[in-house]
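# Coordinates in review
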Amino acid sequence: MSNLEQTLSIIKPDAVERDLQDKIKEEFTKNGFNIFKEKKIHITKTEAEEFYKVHQTKIFYNNLCEYLSSGPIIVMILEKVEAVAENRKLMGATDPKKAEEGTLRKKYGLSIDKNSVHGSDSQENAKKEILFFFKD
Ligand code: CMP
C-alpha cells in the first residue's frame, strides 16, 4: 500500500528575496510532490519563536527567529508517498556546505542560517507544523 503523506515546507526569506520561489516549487513538482496548499506570508518574531519552539534552548534560536521573520516566506503543504523523508532527501543537509550535489540547499543555500528551505523532520512534527500555518 502506498503511504501518501503530507509535510510542511517553507521557502525562507533568503530564497524569496532572490526570487527563487518558482524555481524551488518546480523542483518539488519535478520530484513528484503535489503542492496541496501554499501561501506567501510575513510572520512576526513572536510567531517565529512559537514555530521554532523546539530550538528554544539552542544558541542560534534568537537569530533564527529574527531571520525567519525578516521578510516574506512561502509556506506549503507538500504531498507525496513518504513526503517527510523524501523532502528531507531533496533539501539535503542543514548546512549547505555539507549538502549533497543536486539538493536544494546545495543549489540555493547561502549558509547554515540562510539555507533557503525548511522541511518537517518527522510525521508528528509535520502535523503540528501544518496546523500552525494552515488552521482551517
Ligand atoms: P531548519 O531546518 O529550518 O531548522 C532550524 C534551523 O536553524 C535550521 O534549518 C538552520 O537554518 C538554523 N540553524 C542555525 N544554526 C544551526 C546549527 N548550528 N545547527 C542546526 N541548525 C541551525
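A short tour of the structure in this document, coming up. (Residues numbered from 1 in each chain as written. Predicted model: local features only at pLDDT ≥ 70, side-chain atom pairs only at ≥ 80, totals over all residues. Heavy atoms only, no water.)

## Considering the site of the ligand
Near the ligand, the surroundings consist of Lys 12, Tyr 52, His 55, Phe 60, Leu 64, Thr 94, Arg 105, Ile 112, Asp 113, Asn 115 and His 118. Tyr 52 places a polar side-chain atom, nitrogen or oxygen, 2.6 Å from an oxygen atom of the ligand. Here the ligand loses 77% of its free accessible area of 450 Å² to cover by the protein chains. A majority-of-atoms criterion places the ligand in the largest pocket. (Near = heavy atom within 4 Å. Polar contact = N/O pair within 3.5 Å; in protein donor to acceptor, adjacent residues only side chain to side chain. Areas by Shrake-Rupley, 256 points an atom, 1.4 Å probe, with all protein chains shown as cover. 1 Å grid on protein atoms, 1.4 Å probe; cavity = no way out; pocket = protein on both sides within 12 Å on 5 of 7 lines; lining within 4 Å. Sits in = over half its atoms within 2 Å of the grid points.)

## As for helix α5 (residues 83–91)
Every buried residue of α5 is accounted for by Ala 83, Val 84, Asn 87, Leu 90 and Met 91. The buried residues of α5 all sit within an arc of 130° when viewed along its axis, so they share a single face. In the stretch just after α5, Gly 92 is the one whose phi turns positive, near 85°. (Buried < 20%, exposed > 50% of the residue type's maximum accessible area, 1.4 Å probe, protein only. Helix = DSSP H or I, 4+ residues; strand = E, 2+ residues; numbered from the N terminus. Arc of directions from axis to C-beta.)

## Overview of the environment of Leu 104
Relative to the helices and strands, Leu 104 resides in helix α6 (residues 104–108). Discounting residues that sit within four places of it in the chain, Leu 104 has contacts with Ile 24, Glu 27, Phe 28, Leu 90, Met 91, Gly 109 and Val 117. (Contact = heavy atoms within 4.5 Å.)

## Some words on the nonpolar core
Ranked by internal contacts, the top residues of the largest apolar core, which has 17 residues, are Ile 11, Ile 24, Phe 28, Phe 33, Met 76, Leu 78 and Leu 104. At the level of secondary structure, the elements contributing two or more residues to this core comprise α1 (13–17), α2 (21–30), β3 (73–81), α5 and α6. Non-local contacts of Met 76, meaning those with residues more than four positions away in its chain, are made with Thr 7, Leu 8, Ser 9, Ile 11, Lys 25, Phe 28, Ile 35, Lys 37, Glu 38 and Phe 134. Ile 10, Ile 43, Leu 68 and Phe 134 belong to the second-largest nonpolar core, a separate cluster that totals 16 residues. (Core = buried A, V, L, I, M, F, W, Y, C linked by side-chain atoms within 4.5 Å.)

## Considerations on the pattern of salt bridges
Any two side chains of opposite charge can pair, on the condition that their charged atoms come close. Within the structure shown, the criterion is met by 11 salt bridges. A salt bridge links Asp 14 to Arg 18, with the shortest nitrogen-to-oxygen separation between them at 2.6 Å. Note on Asp 14: relative accessible area 4%, which makes it buried. Residues Glu 38 and Lys 25 are paired through a salt bridge, measuring 2.8 Å at the closest nitrogen-oxygen approach. (Salt bridge = Lys/Arg side-chain N within 4 Å of Asp/Glu carboxyl O.)

## With respect to the sheet that holds strand β4 (residues 117–119)
The sheet built from 4 strands is open, its strands ordered β2-β3-β1-β4 with antiparallel pairing. Each edge of the open sheet is held by one strand with a lone partner, namely β2 (34–41) and β4. The average angle at which neighbouring strand axes cross in this sheet is 20°, direction not considered. One ladder, built from 7 bridges, connects β2 with β3; its direction is antiparallel. Each residue of the ladder has a partner; that of Asn 34, found in β3, is Glu 79. Along the sheet, α5 contacts β1 (4–11), β3 and β4; its crossing angle with β1, the most-contacted strand, is approximately 35°. (Pairing = 2+ DSSP bridges. Axes fitted to C-alpha atoms, helices over the stretch in contact; angles between N-to-C directions.)

## Quick notes on the layout of surface pockets
If you add up the space inside the largest pocket, you get close to 610 Å³. Forming the boundary of the largest pocket are 24 residues, of which Tyr 52, Val 54, His 55, His 118 and Asp 121 lie nearest the centre. Among the secondary structure elements, those contributing two or more residues to the lining of the largest pocket are α3 (45–51), α5, β4 and α7 (123–133). Here the lining of the largest pocket gets 4 residues from one element, more than from any other, and that element is α7. Per-class residue counts for the lining of the largest pocket are 8 nonpolar, 7 polar and 9 charged. (Points joined across faces, edges and corners; volume = space filled by probe spheres on them. Nonpolar A, V, L, I, M, F, W, Y, C, P; charged D, E, K, R; others polar.)

Read these as spatial facts, not as claims about activity.
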